[in-house]
Every structure is written in C-alpha cells, then in structure tokens.
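Given next are the chains, with one letter for each unit.
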Amino acid sequence: MLHMKTKLIVSAIMLALGSTSVCAADVTLFGTAETSINIQKFKGEKTTSKLATGDYYAARIGIRGREDLGNGYKVRFTLENGFDSGTGETIASFDKNSIFSREASVGLITPYGEIGFGRFGSLSSGLGTYALQYFASPYGNGFNELGFGNIFQFVPRTNNTIALVTPNFDGLDFRVLYSNGILDESTEGFGKNTKYLGIGAKYVKGNFGGTIFYERVMWPNMLETEDGGSPDDHQSLTMAANYKFGNGVKLYGGYQYYTDARMNYGMTTSTGGFPVWPQLTSGLGKKTVSQHGMEAHAFMTSLAIPLWGGRIMPGIGYVTGKDKAKEGSPKYNRFVGGVAYEYPLSKSTLIWMSSQFSKGGDLFDSKEKMSNRPNSRTYEQQFNSRSFIAGLVYRF
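These notes cover the structure that comes with them. (Residues numbered from 1 in each chain as written. Predicted model: local features only at pLDDT ≥ 70, side-chain atom pairs only at ≥ 80, totals over all residues. Heavy atoms only, no water.)

### Considering the overall build of the protein chain
- A count of helices and strands for the protein chain gives three helices and 19 strands.
- Here the analysis covers contacts within the protein chain between residues at least 6 apart in sequence; of these, 62% occur between residues at least 24 apart.
- For the protein chain, the exposed area adds up to about 18,000 Å²; of that, 61% sits on carbon and sulfur atoms. (Helix = DSSP H or I, 4+ residues; strand = E, 2+ residues; numbered from the N terminus. Contact = heavy atoms within 4.5 Å. Areas by Shrake-Rupley, 256 points an atom, 1.4 Å probe, with all protein chains shown as cover.)

See below:
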C-alpha cells in the first residue's frame, strides 16, 4: 500500500512538471527535508532519545501552481504531502491515509477576493495557505514544550473546506473558513457532519503584523454524550501580533480564550490518552464524552534576536483554566519556557537547537492518571518535562 502511494505521489509530481499542457514557469516543486535528535525527560521517567521529524520544519514535498487568466483573475493550486524523514513513510496527518496529507487545495483569485476549496489547515493550525496562528510565535507547532500547541488550543487540518478571503485593504484582509465534514461525509445525512467554522482578520503593514480570529467546532458526527446528545461546541478566540524593530529584533505575543475545548488539551507531545485530535479521528466510531470541556486563558510571548549570523529565540507561555468535564471543575495551569537558536549554512540549509521545559500546577501536577489506558501517564508526569533538540533542515 505504501509503495503504491509513493508511486502515485511521484507520478503526480512528474505529470505536473512534465506535461506539455502545463506552463512550467507557473508550477513549482517545493519541499523540506528535516531530521533532528530529540532528547526528552518526563517527571518520574527515564530520559529518552530519538531521531524525529517535524520538530521545526516538518518534512514535506509538494507542488504548487498558478495560472493568470487575465483581467485580475488567477487560478492556483497546492498539493502537499508530509513524510517521515527517518523512514520515508508518508505521514497521514492523523485522520486518513491521504496522498496529499498536508494540503490539497485549489483556489480562484479575483479582484474581489479569493475562494478556495479542499483540505488545508485551520486558522489556528499555523499550517497551509489560510492559517493565521504564525503571528503568535517563531516556533510554530515544533520545539516540544515551546510550540504553541502546548499553550493554545488549535484545530488541525480540515477536509471538505471552503475558504473566502477579501481583497487586501491597505494591509488588512478578512477570511472565513467553513468545513461541513472535517473528516469524511456522514452516512446519516449532510446535517450530521462534524463542522468547523473560522472567522478572522489579518493586518500587515511595515514592521507590524497581527491577527484576531474566532473558531468553532460542532461535533454531531464525531462525539456524543452518554445520553446520545451532542457535547458543547469547541470555541476559541485568539489574538496575536509581532513587531520587528529597527535593530532586527522581533517581538511576538499572543492571547487565547477557549471553552469546551477537546482538541489537544494544551499540548502536542505524548498526549497520554486524552480525547485529542488523533484519538478522535482514529476510526473507532463515535467517542462518548462529557457535555463540557476545557476552559482557559492562555498567553505566550517570545523574541527573535539576531546573533552570530543566526537568531536566538527565547520565549515563555502560560495557561490557566479549569476542566469542566471533571467533577468540581478542577483548576489547572502550565508554564513553559525555553530558548532556541538557528544558524543558516546557506539560503536553503540551516542548523538549529533548542532547550525547553514545562511545569504543571494544580490538576496538571497531580498523580491522577490521564486516562484508564494501562500505559497512561499521570498529569504530574506529562506536564513536568524538559527536552533538548538539535536538527538540520534543507528547504527547496
């Protein structure tokens, strides 16, 4: 199966680049090869080390193209596949064995805005054509504890999605993303699909960039309560901005409020058994959950400072909230911090390293197990950790 998928990917790329019906100047092959050494220790456990991919720039290969139709109209497409640089295996991005797991989209750009269709990252994902989360930090989803998924909630990629983007008004644009079938269409009818809605604005002018966006996930086809109803919708409001000073120093900051969140429980590493996105989408049918989810306020700030030909990136993050799914709605908090450094060896190649830690409080520092699975960590183990990563990235 994997061999057949690889042949299909290669065939699609060769067709796009070699067909006489495609203007070669308008089609680009792009990608990233990244491998890192990841050393991590969770409280009460032995230190582990592994070769990893996706700790900074996830390994990928894809093609993107654009055709000018004239009079301000253009058609564009992106087909992007993720892979594990250690094994060469395709990364299915949680939900299905996709050939183009990272993005498969086509869009029409007009003088009146853009409309896009397909599979791509949500506004909060920091991934793909329409994402906005990248204003919050230089780390993206990587760097273990430093990544914004360890403080903010985010919705990963969604299928069956329509994107609408307004024209740019002196640096400002607005966008709406809607999916009526985050994974696959429901056999119970169009109205039963699990839905995603994202509404946001982006402003970039001079050395300043910022965003504000609202997201909602409606669960009728993926989750249900014990009485067979639908749990409360996941909702979040995010604000983020960055500013580059004249000396090259760039300041980042972000804030998020989320309620009834069930996405990634404020973390992206070693989830330990919560109903996070990979488990919600594991193909085992509907999951039974409580009526309510997580509610919290989250903050993060960081710097990117030119140093020795590269840049050093110190940062911190903090989240404080309560788990409304549990009796008594126990409080939790988490503080993360660390520093990263990257150095370009060329325009295409860079080396990087980072050291980071996480400190949990209240529920996140308790000895309660995170799930009833035999290998489940306790909250104390999961949210008290430290790690070191060093990697090499080549981009084309």
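### Observations regarding a nonpolar patch on the surface
- Among the surface-exposed residues, Val106, Phe117, Ile162, Leu164, Val176 and Ile199 lie close enough to one another that they form a single nonpolar patch of about 460 Å² accessible area.
- The residue valine 176 is located in strand β8 (residues 172-180) in this model. (Patch = residues over 30% accessible without salt bridge, like charges linked within 9 Å, V, L, I, M, F, W, Y side chains within 5 Å. Salt bridge = Lys/Arg side-chain N within 4 Å of Asp/Glu carboxyl O.)

### Re the pairing of strand β9 (residues 195-205)
- Here nine bridges tie β8 to β9, and the two strands are oriented antiparallel to one another. Within β9, the residue paired with aspartate 173 across the bridge is lysine 202.
- The pairing of β9 with strand β10 (residues 208-218) spans 11 bridges and is classified as antiparallel. Of the residues in β10, the one forming a bridge with lysine 195 is methionine 218.
- Between the antiparallel neighbours β9 and β10 lie two residues, among them glycine 206 with a positive phi of about 60°. (Pairing = 2+ DSSP bridges.)

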